[in-house]
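Observations on chain architecture
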Amino acid sequence: MTAVQARRRRKSPASAPNRIWDAGPLTKVVLAFALVLSAFPIYYMFIMATRTNDEAIDTPPPLLPGGHLGENIQRLLSTEDAYFATGLINSAIVATTVTVSVVLISTLAGFAFAKLKFRGSKILLGLILVTMMVPLQQMGVVPLYEMMVTLGWTGQIQAVILPFLVNGFGVFMMTQYTTQAVPDELVEAARVDGASTMRIYANVVLPAVRPGMAVLALLTFMQNWNEFMWPLIVLNPDNPVVQTSIAALNQAHGTDYVMLFTGTAASVLPLFIVFVAFGRQIVGGLMEGAVKA
């Protein structure tokens, strides 16, 4: 085995020891305590979603699932105060559309800034960094709202989608990831073979930056799924997203604890499903970046 192969084998996460299980007893106890402390509120929320209001206020509180989940979900979806079903559908449309747009544009821009040489690239990247330093959403609420009024989009779902289709953080993240993940020699070799710029992007860059795309997709989906302020301003109460539905639910049914727990659990469940579905790629992307660093 050569020295280079040995060094690569030492850096490989597959050949590295499992440091969690090799840790001492105190470390394991601390990690287990942190895990329980972090997961218990989510567990308790789902438990309360399966109970009745009388059971929810029992002392001591119940810690095992009940048998009223279907009834609670039916009450949640049938309430006319929060339009929860509409909120779930709207949030799924908004989060999915914005995620696809942000990931696609960010990978294209990241490839351009990282591997294509053109005049003014550093200035443009600097301007993108400036947009990350300024809270544009808070400072731009008034002009954004005036724009939506001019377009006639107030109360419509596209008013929530349009302002978030491009993300400065995503462009910066994919620029850095592409710089590390795609060697310049690989791009030059593809050019020598006669590949066009878009073919290099599709056949060389995309497979290499896929883990970074998964991380960016998760972060973008979570951010837009949890968006509250702008939808509250621009949408009508009868056409909400899930977060404004929960706010309306809290206002109309503030003492119906089971209803609030059920609504919160229903809003968290899609994020949990997305993380479980793409968790391996996300962790792989983070580990790959750590090994390269």
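Residues numbered from 1 in each chain as written. Predicted model: local features only at pLDDT ≥ 70, side-chain atom pairs only at ≥ 80, totals over all residues. Heavy atoms only, no water.

**Digging into the overall build of the protein**
Secondary structure assignment for the protein yields 15 helices and 0 strands. Restricting the contact set of the protein to residue pairs at least 6 apart, pairs at least 24 apart contribute 72%. Working note: accessible area of the protein is about 17,600 Å², and carbon and sulfur atoms make up 66% of it. (Helix = DSSP H or I, 4+ residues; strand = E, 2+ residues; numbered from the N terminus. Contact = heavy atoms within 4.5 Å. Areas by Shrake-Rupley, 256 points an atom, 1.4 Å probe, with all protein chains shown as cover.)

**Quick notes on a nonpolar patch on the surface**
Taken together, the side chains of Ile42, Phe46, Leu269, Phe272, Ile273 and Val276 define a hydrophobic patch exposed on the protein surface, amounting to about 560 Å² of accessible area. Put simply, the parts of the chain that give the nonpolar patch at least two residues each are helix H2 (25-48) and helix H15 (257-292). Ranked by residue count, the leading element in the nonpolar patch is H15, at 4 residues. Looking at the secondary structure, you find Phe46 in helix H2. On the accessibility criterion, Phe46 (31% relative accessible area) is partly exposed. (Patch = residues over 30% accessible without salt bridge, like charges linked within 9 Å, V, L, I, M, F, W, Y side chains within 5 Å. Salt bridge = Lys/Arg side-chain N within 4 Å of Asp/Glu carboxyl O. Buried < 20%, exposed > 50% of the residue type's maximum accessible area, 1.4 Å probe, protein only.)

**Quick word on unusual backbone geometry**
With an omega of -5°, the peptide bond running from Thr59 to Pro60 counts as cis. Tracing the backbone shows Pro60 in the loop between helix H3 (53-56) and helix H4 (69-78). Although it is not a glycine, Tyr83 adopts a positive phi angle of roughly 50°. Tyr83 gets classed as partly exposed once you look at its relative accessible area, which sits at 36%.

**Let's talk about the packing of helix H5 (residues 84-115) against helix H14 (residues 242-252)**
In contact at an axis separation of 7 Å, H5 and H14 are set at 155° when each is read in the N-to-C sense. When the axis of H5 is compared with that of H14, the two are roughly antiparallel. In this structure, H5 contributes Phe84, Gly87, Leu88 and Ser91 to the contact, and H14 contributes Val242, Ser245 and Ile246. (Axes fitted to C-alpha atoms, helices over the stretch in contact; angles between N-to-C directions. Parallel < 35°, antiparallel > 145°, perpendicular 65-115°, else oblique.)

**Quick look at the confidence of the model for the protein**
Per-residue confidence for the protein averages 84 on the pLDDT scale, and 87% of its residues sit at or above 70. Low pLDDT, under 50, characterises residues 1-17; the predicted model gives this stretch 8 contacts beyond four residues in sequence or across chains. Considering only residues more than four positions removed or in separate chains, one finds that residues 289-293, a stretch of pLDDT under 50, has 4 contacts. (pLDDT = per-residue confidence, 0-100.)

**Observations regarding the nonpolar core**
Counting residues in hydrophobic clusters, the biggest one holds 32 residues, and the most contacted among them are Val182, Ile200, Val205, Val209 and Val234. Contributions of two or more residues to this core are made by H5, helix H8 (141-151), helix H9 (158-161), helix H10 (168-181), helix H11 (184-192), helix H12 (197-225) and helix H13 (229-234). No other element matches the 8 residues that H12 contributes to this core. In contact with Val182, other than residues within four places in its own chain, are Lys115, Val187, Val204, Val205, Ala208 and Val209. Listed in part, the 14 residues of the second largest apolar core include Leu218, Phe221, Ile246 and Leu271. (Core = buried A, V, L, I, M, F, W, Y, C linked by side-chain atoms within 4.5 Å.)

**Some remarks on the side chain of Thr99**
As for its position among the elements, Thr99 is in helix H5. Judged by its relative accessible area of 9%, Thr99 is buried. Thr99 has contacts with Ala217, Thr220 and Phe221, leaving out every residue within four places of it along the chain.

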